[in-house]
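Observations on chain architecture
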Amino acid sequence: DAGITQSPRHKVTETGTPVTLRCHQTENHRYMYWYRQDPGHGLRLIHYSYGVKDTDKGEVSDGYSVSRSKTEDFLLTLESATSSQTSVYFCAITDRSLSGNTIYFGEGSWLTVV
Amino acid sequence: KNEVEQSPQNLTAQEGEFITINCSYSVGISALHWLQQHPGGGIVSLFMLSSGKKKHGRLIATINIQEKHSSLHITASHPRDSAVYICAAANYGGSQGNLIFGKGTKLSVKP
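Basis of the calculations
- The numbers attached to residues start from 1 for each chain and follow its sequence in the written order.
- For this description, chains carry letters from A and ligands carry numbers from 1, given in the order in which they are written.
- Only residues with pLDDT of 70 or above have their local features reported here, since the model is predicted, and side-chain atom pairs are shown and tallied only from 80 upward, although totals for entire chains, interfaces and linings are computed over all residues.
- Computation of side-chain values: all heavy atoms of the structure, hydrogens and water removed.
- The helix count covers DSSP runs of H or I at least four residues long, the strand count covers runs of E at least two residues long, and both are numbered beginning at the N terminus.
- C-alpha atoms define the radius of gyration, and 2.2 Å times the number of residues to the power 0.38 defines the globule rule.
- Accessibility throughout is a Shrake-Rupley quantity obtained with a 1.4 Å probe, and a residue counts as covered only by protein chains that appear here.
- Counting rule applied: Lys, Arg positive; Asp, Glu negative; His and chain ends not counted.
- Where a charge sits is defined by one atom per residue type, namely NZ (Lys), CZ (Arg), CG (Asp) or CD (Glu).
- By definition, residues are in contact when any of their heavy atoms lie within 4.5 Å.
- What gets called buried area is simply the loss in accessible area from a 1.4 Å probe that two parts show on being joined, summed for both.
- Counted as salt bridges are all cases of a side-chain nitrogen of Lys or Arg within 4 Å of a carboxyl oxygen of Asp or Glu.
- Asp, Glu, Lys and Arg are counted as charged, while Ala, Val, Leu, Ile, Met, Phe, Trp, Tyr, Cys and Pro are counted as nonpolar; the rest, among them Gly, fall into the polar class.
- Put simply, buried Ala, Val, Leu, Ile, Met, Phe, Trp, Tyr and Cys residues joined by side-chain atoms within 4.5 Å make one nonpolar core.
- Exposure is judged per residue with a 1.4 Å probe applied to protein chains only, and the accessible area is read against the type maximum: over 50% gives exposed, under 20% gives buried, and values in between give partly exposed.
- Disulfide assignment relies on a single distance test, namely cysteine sulfur atoms paired within 2.5 Å.
- What makes two strands pair is DSSP finding at least two bridges between them.
- To get an axis, a line is fitted to the C-alpha atoms, and for a helix only the part in contact is used. The angle between two axes follows their N-to-C directions and goes from 0 to 180 degrees.

1. Let's talk about the overall build of chain A
Regarding its fold elements, chain A presents 0 helices and 11 strands. Each helix and strand of chain A, placed in order from N terminus to C terminus, yields the pattern β-β-β-β-β-β-β-β-β-β-β. Against the globule reference of 13 Å for 114 residues, chain A gives a C-alpha radius of gyration of 13 Å, in line with a compact fold. Structurally, chain A occupies a C-alpha span of about 45 × 30 × 25 Å along its principal axes. For chain A, the computed accessible surface area is about 5,200 Å², with 47% contributed by carbon and sulfur atoms. One finds the centroid of the 11 positive side-chain charges in chain A at a distance of 2 Å from the centroid of its 13 negative side-chain charges.

2. Thoughts on the interface of chain B and chain A
In this complex, chain B contributes 19 residues to the contact, which on the side of chain A involves 21 residues. In total, chain B and chain A occlude about 1,700 Å² of area from one another, counting both sides; carbon and sulfur atoms represent 59% of this. Applying the counting rule to chain B against chain A returns 0 salt bridges. At the level of elements, β4 (31-37), β5 (43-49) and β10 (99-101) of chain B are the ones that each hand at least two residues to the side of chain B that touches chain A. Among the residues forming the side of chain B that touches chain A, the class breakdown is 7 nonpolar, 11 polar and 1 charged.

3. Things to note about the nonpolar core
Among the nonpolar cores identified, the biggest contains 23 residues, and I19(B), I21(B), L32(B), W34(B), L72(B), Y85(B) and L107(B) are the most heavily contacted of them. Within the second largest apolar cluster, 19 residues are counted, among which are I4(A), Y89(A), C91(A) and I93(A).

4. So, the state of the cysteines
All names here are of chain A. One pass over the full model with this rule turns up 2 disulfides over all chains. Two residues, C23 and C91, share a disulfide whose sulfurs are 1.9 Å apart. Handedness here is read from the sign of the S-S torsion; for C23 and C91, about -70°, the answer is left-handed. Here C91 lies in strand β9 (residues 87-97) and C23 lies in strand β3 (residues 19-25), a separation of 68 residues in the sequence. Exposure class is identical for C23 and C91. Each is buried.

5. Considerations on the pattern of salt bridges
Inspection of every chain in the model, using the stated rule, returns 5 salt bridges over all chains. R36(A) is paired through a salt bridge with D38(A); the nearest N and O atoms lie 2.8 Å apart. The two residues R36(A) and D38(A) agree in class, both being buried. For D81(B), the salt bridge goes to R58(B), with nearest N and O atoms at 2.8 Å. Note that D81(B) is positioned in the loop between β8 (69-74) and β9 (83-90) and R58(B) in the loop between β6 (52-56) and β7 (59-64), a separation of 23 residues in sequence.

6. Looking at the sheet that holds strand β3 (residues 19-25) of chain B
Working definition: the strands of a sheet are paired by backbone hydrogen bonds and lie parallel or antiparallel to each other. Residue and element names in this part refer to chain B. Strands sit in the order β1-β3-β8-β7-β6 across an open sheet of 5 strands; the sheet is antiparallel. Single-partner strands in this sheet number two, and they are β1 (4-7) and β6. Averaged over all pairs of adjacent strands, the angle between their axes in this sheet comes to 15°, without regard to strand direction.

Remember that the coordinates give geometry; whether it matters functionally is a separate question.
And the structure:
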């Protein structure tokens, strides 16, 4: 258990509203990721972070922004939610220890944009 | 063409059967992960492989680097093994450390 929590776990929001999802970790890992999971696509990378204030885009970053002002929190913001952003969002971290690069996922955040 | 392909997409087995799920990748990797996702969403890591074979209980994962292929085997399958199994190719070079995921294999084990 890498101590990852996501919030909120479920949210319904209206088109055009901003939404922020939070990923919190307790283990001081450097690398954090936001993925979305959709039927037929598998997990796709939205944004990732390799340190405080160090972030970069993934393959499906349009319409999303992120921030990491402290090691333990990685925020994903949908600036103006659209129905195409209805999805399950997973935060993940990689533990780059001497034993290898294990990946841990949060429980997921189910977002519905109506 | 997807960089990580899994087969089969769906698999139904009877309890006790030996199960094999395959993963082929076309990218250079540092490691390959096998993940399990139960209905309801939680994703857990089963194995991380960079060579050879690993075993945990009834689960065995193998990788052939030259052929760019990995397999996940489940011996004496049980209904609680019913889940989606996902392979992910990892390249930890540089600052990205991203994973490329297969679309998953949905396994249903009938009692």
